Amino acid sequence: MSASGVMKAIALGALTLILAAAVAFAVRPQLRAALLAELSDPADLPALPTDARIHYEPQARACADLVGSILPAAIIKVESEHGRPFAKPPLVGIYENERAYARANGLGDPDVVGVSRAGRAMLSPLLCKEEINRLTGVLTHELSHVHFFGWRPRSAPRPPQWFTEGLAVMASDGGAAENVSETEAGRAISRGFGVILDPTPWSNFQAIPFAAEPPCEGNCDPRSFRQRLAYRQAAMFVAWLRGRDREGFSRLMRTLEKGDNFDAAFKAAFDGTPWERWKDFSSAFQASR
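From a predicted model like this one, the values you see are computed outputs, not experimental measurements. (Residues numbered from 1 in each chain as written. Predicted model: local features only at pLDDT ≥ 70, side-chain atom pairs only at ≥ 80, totals over all residues. Heavy atoms only, no water.)

1. Examining the pattern of salt bridges
- Following the criterion strictly, the structure yields 15 salt bridges and no others.
- A salt bridge links R226 to E213, with the nearest nitrogen and oxygen atoms 2.7 Å apart. One end of the pair, R226, is in helix 8 (residues 225-244); the other, E213, is in the loop between helix 7 (182-190) and helix 8, and 13 residues separate them in sequence. (Salt bridge = Lys/Arg side-chain N within 4 Å of Asp/Glu carboxyl O. Helix = DSSP H or I, 4+ residues; strand = E, 2+ residues; numbered from the N terminus.)

2. Examining helix 3 (residues 61-82)
- Relative to the 32 Å expected for 22 residues at 1.5 Å per residue, helix 3 spans 30 Å between its end C-alpha atoms, a close match to the ideal helical length.
- The largest bend in helix 3 is about 40°, located at I70, with the proline P72 one to four residues further on.
- Listing the buried residues of helix 3 in full gives C63, A64, V67, I70, L71, A74, I75, V78, E81 and H82.
- Among the residues trailing helix 3, G83 stands out with phi positive, at a value near 85°. (Expected span 1.5 Å × (residues − 1). Bend = angle between axes of the 7 residues up to and from the residue. Buried < 20%, exposed > 50% of the residue type's maximum accessible area, 1.4 Å probe, protein only.)

3. Concerning the pairing of strand 3 (residues 91-94)
- Residues L91 and G93 point to one face of strand 3 and V92 and I94 to the other, with burial holding for every one of them.
- Strand direction decides the pairing type here: strand 2 (residues 51-56) and strand 3, joined by 3 bridges, are parallel. Of the residues in strand 3, the one forming a bridge with Y56 is I94.
- At this point the chain moves from strand 2, through helix 3, to the parallel strand 3, and the crossover so formed is left-handed.
- By the bridge criterion, 4 bridges tie strand 3 to strand 5 (residues 120-123) in an arrangement that is parallel. Paired with I94 across the strands is L123, a residue of strand 5. (Pairing = 2+ DSSP bridges. Right-handed = clockwise from strand over helix to strand, strands pointing away.)

4. A look at helix 7
- Taken residue by residue, helix 7 has A185, G186, A188, I189 and S190 as its buried positions.
- Two residues or fewer after helix 7 comes G192, characterised by a positive phi angle close to 90°.

5. Describing unusual backbone geometry
- A positive phi angle, close to 55°, is found at D173, a residue other than glycine.
- Within the secondary structure layout, D173 lies in the loop between helix 6 (161-171) and helix 7.

6. Regarding the environment of V195
- Tracing the backbone through its elements, the reader meets V195 in the loop between helix 7 and helix 8.
- In the structure, V195 is positioned 36 residues away from Y231 in sequence and 8.9 Å away in space, judged by C-alpha atoms.
- Those residues in contact with V195 that sit more than four places away from it in its chain are W202, I208, P209, F210, A230, Q233 and W278. (Contact = heavy atoms within 4.5 Å.)

7. Section: the packing of aromatic side chains
- Tallied over the full model, the rule gives 18 aromatic pairs.
- Ring geometry for Y95 against Y101: centres 5.8 Å apart, planes inclined by 55°, an arrangement best described as tilted.
- Geometrically, the ring pair formed by F237 and W278 is edge-to-face, given 5.3 Å between the ring centres and 75° between the ring planes. Separated by 41 residues along the polypeptide, F237 in helix 8 and W278 in helix 11 (residues 274-287) bring together distant segments of the chain. You'll find F237 and W278 in the same group, each marked buried.
- Positioned above the aromatic ring of W151 is the side chain of R84, whose terminal nitrogen or guanidinium carbon lies 3.4 Å from the ring centre. (Phe/Tyr/Trp six-rings, centres within 6.5 Å; stacked < 30°, edge-to-face > 60°. Lys NZ or Arg CZ within 6 Å of the ring centre and 35° of its normal.)

8. Here's the deal with the pairing of strand 4 (residues 114-117)
- Where strand 4 and strand 5 come together, 4 bridges link them in antiparallel fashion. In the strand pairing of strand 5, G114 is matched with L123.
- In this structure, the hairpin formed by strand 4 and strand 5 is closed by a connection of 2 residues, where A118 is found at a positive phi of approximately 55°.

Right, here's the structure in full:
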């Protein structure tokens, strides 16, 4: 093949790859969101002079200072709840621009107030504005994820989200489950609206499975009710497991942090399946009906 033919073949191959990537991004938007996240690492933002763990858009300096004032206590809280220090210092990304936040969070969604990914906790601009009352809880919640996954091998299978989200809500005293109290969540269980503990991903809040569809009553916000109810019930169950057997819970945490299989680790720690222990947990609510 002539030199010009080789160049044409290379150009054609490159064009084919570009077109294939474009088709893949069109068919699977999550691939596009993941690529944008890789190109929008919060570590590339300026670091807060008083705390290098915090990186921020220049317009978000006031928010970064506020996060800097609460981050040390949040880290202590998570380490206490998880029973060991962080594997490495967490990084927190603070944003002012909603589009920049959506690019960085790996979901392409500016309405999700907090996300953790690859050792980073990223916070929505809303948390220093309309939803500032949620800032401490959401920050601590995301740090719980950073802590847990920071110890696990990256190739390890992910535990079910009912466990990781329940752990994060418990560790943050209700972060991401605001507006649904334990009393309300327990009442929902007693009425047959308990969350189902299965491997279903909880990224789509409307797809979180319940034994029966919980009614959104009173001042309930239908946009967030199902998610917060599921998170609160999962947190109550995780807290119940820990209260039932602290040594078993500690063994479960350390085993999972090594990347072991969740079902086997759970059975070894609590002598049964999550569903069997859930029946024990929920029986107290059923008895109080």
